Amino acid sequence: MDYILIDTKGAELSILGPFDFQTYKPSIVTVEHNFVDAKRAAIFEVMTRNGYKRHFAALSTFEHWHVYQDIEF
(Lines give C-alpha, C1' and ligand atoms only; values in the text may rest on other atoms or scores of the structure.)
Protein backbone atom coordinates (compact mmCIF):
# COMPACT_ATOMS: atom_id res chain seq x y z
CA MET A 1 0.00 0.00 0.00
CA ASP A 2 1.63 3.23 -1.13
CA TYR A 3 -0.99 5.87 -0.47
CA ILE A 4 -3.96 6.41 1.85
CA LEU A 5 -6.33 9.38 1.83
CA ILE A 6 -8.46 9.79 4.95
CA ASP A 7 -11.30 12.25 4.39
CA THR A 8 -14.23 11.21 6.55
CA LYS A 9 -15.79 14.50 7.58
CA GLY A 10 -14.64 14.47 11.18
CA ALA A 11 -13.84 10.82 11.93
CA GLU A 12 -10.19 10.95 10.84
CA LEU A 13 -8.76 10.50 14.33
CA SER A 14 -11.11 7.58 15.00
CA ILE A 15 -9.55 5.87 12.00
CA LEU A 16 -5.94 6.87 12.65
CA GLY A 17 -5.94 5.98 16.35
CA PRO A 18 -6.40 2.21 16.00
CA PHE A 19 -4.71 1.94 12.58
CA ASP A 20 -1.96 -0.71 12.65
CA PHE A 21 1.07 1.24 11.41
CA GLN A 22 3.36 -1.67 12.33
CA THR A 23 1.68 -4.02 9.86
CA TYR A 24 0.72 -1.47 7.21
CA LYS A 25 3.20 1.28 6.38
CA PRO A 26 1.84 3.31 3.50
CA SER A 27 4.44 5.60 1.96
CA ILE A 28 2.15 8.63 2.02
CA VAL A 29 -0.93 9.37 4.12
CA THR A 30 -3.12 12.38 3.44
CA VAL A 31 -5.47 13.36 6.27
CA GLU A 32 -8.17 16.02 6.15
CA HIS A 33 -8.12 18.33 9.19
CA ASN A 34 -10.98 20.81 8.55
CA PHE A 35 -8.90 23.69 9.98
CA VAL A 36 -9.49 22.58 13.59
CA ASP A 37 -6.25 23.31 15.48
CA ALA A 38 -6.73 20.63 18.14
CA LYS A 39 -7.44 18.07 15.43
CA ARG A 40 -4.40 19.18 13.43
CA ALA A 41 -2.17 18.77 16.48
CA ALA A 42 -3.60 15.34 17.30
CA ILE A 43 -3.16 14.13 13.71
CA PHE A 44 0.42 15.42 13.69
CA GLU A 45 1.14 13.62 16.97
CA VAL A 46 -0.25 10.28 15.75
CA MET A 47 1.61 10.47 12.47
CA THR A 48 4.91 11.58 14.04
CA ARG A 49 4.70 8.83 16.66
CA ASN A 50 4.35 6.31 13.85
CA GLY A 51 7.36 7.50 11.87
CA TYR A 52 5.84 10.01 9.47
CA LYS A 53 6.99 13.53 8.62
CA ARG A 54 4.76 16.28 7.30
CA HIS A 55 5.50 17.39 3.74
CA PHE A 56 3.89 19.41 0.96
CA ALA A 57 2.43 22.09 3.26
CA ALA A 58 1.76 24.39 0.30
CA LEU A 59 0.08 21.66 -1.75
CA SER A 60 -3.28 21.70 0.01
CA THR A 61 -5.05 23.84 2.55
CA PHE A 62 -7.54 21.12 3.53
CA GLU A 63 -5.26 18.16 4.21
CA HIS A 64 -1.90 17.41 5.74
CA TRP A 65 0.43 15.15 3.78
CA HIS A 66 2.56 12.76 5.83
CA VAL A 67 5.44 10.79 4.32
CA TYR A 68 7.00 7.78 6.00
CA GLN A 69 10.46 8.65 7.34
CA ASP A 70 12.31 6.11 5.16
CA ILE A 71 10.99 7.68 1.93
CA GLU A 72 13.29 10.31 0.43
CA PHE A 73 12.42 13.08 -1.99
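Before any of the text, the structure's been laid out above.
We now turn to the structure provided with this report. (Residues numbered from 1 in each chain as written. Predicted model: local features only at pLDDT ≥ 70, side-chain atom pairs only at ≥ 80, totals over all residues. Heavy atoms only, no water.)

In the structure shown here, the tally under the stated rule is 1 cavity of 30 Å³ or more. Its boundaries defined by the atoms lining it, the largest cavity holds a volume of some 30 Å³. Taken together, Ile4, Ile6, Leu16, Phe19, Phe21 and Val29 make up the lining of the largest cavity. Residues that form the lining of the largest cavity fall into these classes: 6 nonpolar, no polar and no charged. (1 Å grid on protein atoms, 1.4 Å probe; cavity = no way out; pocket = protein on both sides within 12 Å on 5 of 7 lines; lining within 4 Å. Points joined across faces, edges and corners; volume = space filled by probe spheres on them. Nonpolar A, V, L, I, M, F, W, Y, C, P; charged D, E, K, R; others polar.)

The subject of this paragraph is unusual backbone geometry. One non-glycine residue, Lys9, lies in the positive phi region at around 55 degrees. Mapped onto the elements of the fold, Lys9 is located in the loop between strand E1 (3-6) and helix H1 (12-16). Residue class for Lys9 comes out exposed when judged on its relative accessible area of 65%. (Helix = DSSP H or I, 4+ residues; strand = E, 2+ residues; numbered from the N terminus. Buried < 20%, exposed > 50% of the residue type's maximum accessible area, 1.4 Å probe, protein only.)

Put simply, side chains in a regular strand alternate between the two faces of the sheet. Residue alternation in E1 divides its side chains into a buried set, Ile4 and Ile6, and an unburied set, Tyr3 and Leu5. Bridge count for E1 against strand E2 (residues 28-32) is 4 bridges, and the pairing is parallel. Across the sheet, residue Ile4 finds its bridge partner in E2, namely Val29. (Pairing = 2+ DSSP bridges.)

For strand E4 (residues 63-68), the buried fraction is high: 6 of the 6 residues fall into the buried class. The two faces of E4 match: Glu63, Trp65 and Val67 on one face and His64, His66 and Tyr68 on the other face are all buried. Bridge count between E2 and E4: 5 bridges; the pairing is antiparallel. Residue pairing across strands places Glu32 opposite Glu63, the latter belonging to E4. Pairing analysis gives 4 bridges linking strand E3 (residues 52-55) to E4, with the strands arranged antiparallel. When the bridges of E4 are listed, Lys53 appears paired with Val67.

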